[in-house]
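Residues per chain are reported as follows:
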Amino acid sequence: MSDTTEPSALNQPEITRRTFLFWGWGAFLAFLASSVGSVLRFFLPNVLYEPSQKFRAGKVLDYPLGVTIDKANRVWIIRDSKGLYGMWARCTHLGCTPNWFPAEARFRCPCHGSNFSAEGDVIAGPAPKPLWRVQVTQTPQGDLLVDKAVMENRPGFRDKAPFFINV
């Protein structure tokens, strides 16, 4: 007598109804849990928290005549014979960081060649607007408080408080 069933067919596990229902319900519950998780995630705010645009930049009287660069905050502090003001170190053309050339008394954008005067006015280049001045105020302790969230670049407005400090 020979056995007609092959041994490999006997060793394969059989999918029972119980196993099929276990995996089917498991997949359904996983789908349901991920859907509920997605809906709950919708109620959480999708906010990017950035550092404050306001910072203390030291004592007002410590700034010498000329341009002082604050690379960490991307601001230039300029002190002339009349007073002190700050400018955001961002070209109004495409957002590059212009460099200060003291021998030429101008800011020059290294990318596209825009030139700005020490007051921020456009001298040459593709930049359409003057550089932005930032709000500068002096605290009662004599510290310089710079707020990059408040900016102005219109002549006549940028030369007055809060964008200019008489020193």
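Our structure's up above, just so we're on the same page.
To keep things clear, this report deals only with the structure shown in the data block. Here the structure is a predicted model, which is why all the values come from computation and not from measurement.

## Details of the pattern of salt bridges
This structure, assessed with the given rule, holds seven salt bridges. Taking the shortest distance from any N to any O, the salt bridge between Glu104 and Arg108 comes out at 3.1 Å. For Arg108, a relative accessible area of 32% gives the class partly exposed. The salt bridge partner of Arg158 is Asp121, with a shortest N-O separation of 2.5 Å. In this pair, Arg158 is assigned in the loop between strand E10 (143–152) and strand E11 (165–166) and Asp121 in the loop between strand E7 (115–117) and strand E8 (122–124), connecting sequence segments 37 residues apart. Looking at Arg158, the relative accessible area reads 4%, which means it is buried. Looking at Asp121, the relative accessible area reads 28%, which means it is partly exposed. What emerges from the salt-bridge pattern is a single network uniting Asp121, Arg133, Arg158 and Asp159.

## Remarks on the pairing of E10
Relative to E10, strand E1 (residues 54–59) runs antiparallel, the two sharing four bridges. The partner of Phe55 across the bridge, within E10, is Val146. Of the pairings in the sheet, the one linking strand E9 (residues 133–138) to E10 comprises six bridges and is antiparallel in character. Residue pairing across strands places Thr137 opposite Leu145, the latter belonging to E10.

## Quick word on the sheet that holds E7
Here four strands make up an open sheet; going across it, the order is E5-E6-E7-E8 and the pairing antiparallel. Either end of the sheet is taken by a strand with one partner, and the two such strands are strand E5 (99–101) and E8. The sheet shows a mean angle of 35 degrees between the axes of neighbouring strands, taken without regard to direction. Bridging between strand E6 (residues 106–108) and E7 involves three bridges; their strand directions are antiparallel. In the sheet register, Arg108 faces E7, and the bridge partner there is Asn115.

Scoring rules and cut-offs
Residues numbered from 1 in each chain as written. Predicted model: local features only at pLDDT ≥ 70, side-chain atom pairs only at ≥ 80, totals over all residues. Heavy atoms only, no water. Salt bridge = Lys/Arg side-chain N within 4 Å of Asp/Glu carboxyl O. Buried < 20%, exposed > 50% of the residue type's maximum accessible area, 1.4 Å probe, protein only. Helix = DSSP H or I, 4+ residues; strand = E, 2+ residues; numbered from the N terminus. Pairing = 2+ DSSP bridges. Axes fitted to C-alpha atoms, helices over the stretch in contact; angles between N-to-C directions.

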